[in-house]
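Read off the chains here:
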Amino acid sequence: MRLQGFGQIDRSSPVRFEFDGRSYGGFAGDTLASALLANDIRLIGRSFKYHRPRGIVTAGSEEPNALMTIGQGAAANPNTRATTQELYDGLVARSQNAWPSLGLDVMEVNDLLAPFLGAGFYYKTFMWPKAIWEKLYEPVIRHAAGLGALSGQDDGQSYDTGFLHCDLLVIGSGPAGLMAALTGARAGKRVILAEEDFAFGGRLNAEAEEVAGQPGPAWVASVIAELAAAPNVRLMRRTTVTGAYDGGTFGALEQVAEHLPSLPQGAPRATFWRIAAGRTVLAGGAHERMIAFRDNDRPGVMQASAVRSYLHRYGVAPGRKVAVFTNNDDGWRTAADLIAAGVTVTAVIDPRAHTQHDLPCRMIHGGVVTRAHGRLGLDNITVRKPDGAEIKVDADCLAVSGGWNPSVHLTCHMNGRPDWSEDIAAFVPRPGAVPGLIAAGAANGMFSTHGALRSGAQAAAEALDIKPIKVPQAEDATFEITPFWHVEGPGRAFLDPQNDVSVKDVKAAHQENFRSVEHMKRYTTLGMATDQGKLSNVGALAIMARLTGRDIPEVGTTTFRPPYTPVPIAAFAGRAARDTFRPHRLTPSDALSRERGAEFIEAGLWHRAAWFPQPGEDWLAACNRETTMVRETVGVADVTTLGKIDIQGPDAAVFLDRVYTNMFSTLKVGRVRYGLMLREDGFVMDDGTCARLGDQHYVMTTTTAAAGQVMVHLQFCQQVLWPELDVRFISVTDQWAQFAVAGPKARDLIRDVVAEDVSDESFPYMGCGAVTVLGVPGRLFRISFSGEHAYEVAVPARYGDALARALTERAEALGGGLYGMEALNVLRIEKGYITHAEIDGRVTADDIGMGRMVSAKKDCVGKVMSERPGLHGPERCQLVGLRPLNPDAAALHAGAHLFALKAEITPDTDQGWLSSACYSPTFGHRIAYAFLKNGRARHGETVRVVDRTKGTETLCDVTAPMFYDQEGGKLRG
Amino acid sequence: MRLTCPLCGPRDVREFSYRGDAVLTDRPTTPEGFHDYVHIRENPAGPHDELWHHGAGCGGWLKVRRDTVTHEVLSVALAREARS
Ligand SMILES: [Zn+2]
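The model shown is predicted, which means the values in this text are computed figures rather than measured ones.

1. Looking at the coordination of the zinc ion
Residue and element names in this part refer to chain B.
Okay, step 1: Coordination of the zinc ion by the protein is provided by Cys5 (SG), Cys8 (SG), His54 (ND1) and Cys58 (SG), with metal-donor distances spanning 2.0 to 2.4 Å.
Okay, step 2: Of note is the zinc ion, whose four donor atoms meet at the metal with angles of 106 to 118° in an arrangement that counts as tetrahedral.
Okay, step 3: Every donor residue of the zinc ion comes from the same chain, spaced as C-x2-C-x45-H-x3-C. Within this pair, whereas cysteine 5 is found in strand β1 (residues 2-5), its partner cysteine 58 is found in the loop between β4 (47-53) and β5 (61-67), the two being separated by 53 residues in sequence.

This is the structure we're talking about:
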């Protein structure tokens, strides 16, 4: 029921919204919950397990019941709390977990079965047989018990992430938070004020209180105006700080668009912030807790403070006849405010025998509410008076206050445990639990408004080591409470309405000896739902304490973990989704390759052309044609992706001698050498060529895959192992575009683009040097990864596209053209060059036949450990070639395993594995590389290649690991 | 978590990668030492010297003293300067 003269809603902006297919009216400034209550809708959902009718309990993010699906189609947002969802025109909300309708839910039969569905029911009933659990029980249970579901479709919307930095992060904008922010702001500090609500002010918006002689909301507005005008302050509404992490970092979710009918162009739906805060004041307030009694989950039973929120902030009376059940002064305040607003209060029930309160309504001191009545909504309550007599009291709303729990959650995220405060019968944050964070106001157990204002100013002053500012006048009553948790009696008294956990379930856990609070939590699932037990935890601890004869601090708390409220996974991902999941590295020939219709393969972040199909060609036909083209004429391939590291300095040569197994100090200027690098444990890390361009100047090439790893390794060697060496290096992978030009006609092509003489005398095999490439200063290396006479020619990257086109045009004039990764791979397998398919981190230099490359004349990284017994010799699997006995054999794939001819196929008889395989158009059959036990001594032997994943077996001859041009004449010719 | 790189200032932990125990700074000069150097590590609950790499920053190798229980970072130095 809407009340005139109350609330901060904008009555000049009416809006329409839809709930479960019916249209209703509300106002701008409403939440979905306040608008539903204004329309006298109390039944808003069905419970998780028993499908009991449920209503709105709170007016904030701790809401356990009022979970809705907002919106329609792909972007529909399930499990949204109606109590925090801002109303907008055209909002469409659906209740969850009820079928066919809220009023008639067939699964309500679960409620009748409740005696069989208590805590531990799943574990006991559905354990056996195991197969049926997965196929039958679990799907049925998941369907019957559940929350809302995502659409399963791409919502087409974007999310974002970002970093923020500040001297002072203030979490919460109630009286304590506002004073903390003001204190920091006036001292010129960089302040972030984060408020989860869409309005600043916290409970000042929800009480009939004055601050500094003004109504609460007016004082809030004046403070926010001052903060907004300060350039050093960032005000963040709709921003929930969800986690506290190491080193003063906090996670925060900013809802950008959930309050808007549609997403503004270019805006993210939500932004996940990582806030690096010098100091933090936690002023997140407190949550009012309920009292457990029979059927206390009936729609209409709600927090006493929520009733005041609806009254003062939204101008809504959640009932026409309201009763109050309270063990502290806050419930009395609700009754007084309702009476002042003209709402009938049918009774105030307080278990305490005496209080100072005197209101013009029925007051039952020393009484308790024993039961709520009304199936789909509260009709009346049973009250037991001090003399034991039970009476019925009319009530369509029962406002309950069992005291307040400071929101200690963030202070527990780094493993801190809260302290029990007898004064307020609640847990309070342990000082220092999160380094740099100070709790203030209600979050620290300071419940009076003046106390909150004061403690906020003090906390900020202490955090920043500055003077506190003057604190305005406000209410400063002391808080009086007598702990009271549970009304004993038959039936179910709910502690955790979201997970349908009742006092009985906690007792069952105790009876079955789950006495540790963490065990109780897992057995009953109490506090494990989306509200993370904000409403229920302390009540359950109190029951546990009584059952075990301990006091509450002895029982302890369960662990609070991030996030404080649910965060969409998409918000964590931010822009790292779809095409921007990760960066794309494009080669200099990317545009040309796309023009030529290339298919691409991803190599790390790189997109490399894999093959260039001509009309009618599949990948294999294209690969075969490109391979043959290189063997017969000339091919051009983009090899820019290989790591290039420019190394300079007086000690460059010494440095390379120590990181490569072989010698580089002896390499002549103008020559290139193949080098092998080990990890310190003796296994091969990477290989590649290294060119000496000058006396103190080398350019190292790494594999594409290991470029980053090698760079980090070199930095480690230089900075950590040998800082005394005078050597500097930098990655120039992105600075130089580099192309392989390979084939019998390679020199004809190179001669056409390079100004200098490229005869064998000037540029012999493994020669290198600076050259002029079509008028541009470049570099030429006579190296080959195909076995053909070949070059790699490099120019500054900005000329890469032009050079790719120039080389391709000339190659085509010579009968050649572009070739891709597939052909490049076939060429290198035919020739016997290795890649990381072979050096996969488990092989030694000796395994790949390069044992003698580990120089005996010097130390290098990995040398000592590579000499360990067991890392070389006949027990090792050594690199060999494989040729199928039947040249038509098609089943030869990397990953297959090797066995001796007559051996049984068992793991124990395994003799090795295939690392690379391809169809060789040059030889007309498949070829492969394998690691075979004692393989070098077994050339000529026949082995079985067994591929268990493909179900094939092929007989192969073992050969030397090189098929093409074993004498090397083509390379040098 | 944040680390204060001596060259780059305070930065988010995502810019860094963890290598392990700082015993790696003391590469043995004789073969006998390599087994322990490569394989043997202490696993203390408390202050621990370790190596971090500022890959998304200056490329520097840092020697970080960190409490493995609280994650408190006690000191950060360039590994090249922290060598004894
Ligand atoms: Zn740095």
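2. What to know about the UniProt feature "domain: GCVT N-terminal" (unreviewed entry) in chain A
Okay, step 1: With numbering matched to this structure, UniProt assigns "domain: GCVT N-terminal" (unreviewed entry) to residues 594-858 of chain A.
Okay, step 2: Secondary structure across residues 594-858 of chain A comprises 27% helix and 29% strand; the distance between its end C-alpha atoms is 48 Å.

3. Considerations on the confidence of the model for chain B
Okay, step 1: Here chain B averages 94 in pLDDT, and 98% of its residues register 70 or above.
Okay, step 2: What the predictor reports for the complex is a pTM of 0.91 with an ipTM of 0.98.

4. Topic: the UniProt feature "domain: Aminomethyltransferase C-terminal" (unreviewed entry) in chain A
Okay, step 1: Under the UniProt annotation, the feature "domain: Aminomethyltransferase C-terminal" (unreviewed entry) is placed at residues 878-965 of chain A.
Okay, step 2: The straight-line gap between the two end C-alpha atoms of residues 878-965 of chain A is 21 Å; of that span, 0% is helix and 49% is strand.

5. Re the interface of chain B and chain A
Okay, step 1: At the junction of the two partners, chain B supplies 24 residues and chain A supplies 26 residues.
Okay, step 2: For the pair chain B and chain A, the summed buried area comes to about 2,200 Å², and 56% of that belongs to carbon and sulfur atoms.
Okay, step 3: Summed over the three residues of chain B that lose the most area to chain A, namely Arg27(B), Trp61(B) and Arg80(B), the buried surface amounts to 31% of that side.
Okay, step 4: On inspection of chain B and its partner chain A, the count reaches two salt bridges.
Okay, step 5: Here Glu680(A) makes a salt bridge to Arg27(B), at a shortest N to O gap of 2.5 Å.
Okay, step 6: Our enumeration of links across chain B and chain A arrives at 11 residue pairs in polar contact (both at pLDDT 80 or more).
Okay, step 7: Only α1 (34-39), β4 and α2 (79-82) of chain B provide two or more residues apiece to the side of chain B that touches chain A.
Okay, step 8: For the side of chain B that touches chain A, the element with the highest residue contribution is α1(B), accounting for five residues.
Okay, step 9: Taken together, the residues of the side of chain B that touches chain A sort by class into nine nonpolar, eight polar and seven charged.

Calculation criteria
- Residues numbered from 1 in each chain as written.
- Chains lettered and ligands numbered in written order.
- Predicted model: local features only at pLDDT ≥ 70, side-chain atom pairs only at ≥ 80, totals over all residues.
- Heavy atoms only, no water.
- Donors = N, O, S within 2.8 Å, 3.2 Å for Na, K, Ca; no water.
- Tetrahedral: all angles 85-135°; square planar, octahedral: opposite > 155°, others 65-115°.
- Helix = DSSP H or I, 4+ residues; strand = E, 2+ residues; numbered from the N terminus.
- UniProt positions renumbered as here; feature names shortened; annotations may be inferred.
- pLDDT = per-residue confidence, 0-100.
- Contact = heavy atoms within 4.5 Å.
- Buried area = accessible area lost by both parts, 1.4 Å probe.
- Salt bridge = Lys/Arg side-chain N within 4 Å of Asp/Glu carboxyl O.
- Polar contact = N/O pair within 3.5 Å; in protein donor to acceptor, adjacent residues only side chain to side chain.
- Nonpolar A, V, L, I, M, F, W, Y, C, P; charged D, E, K, R; others polar.

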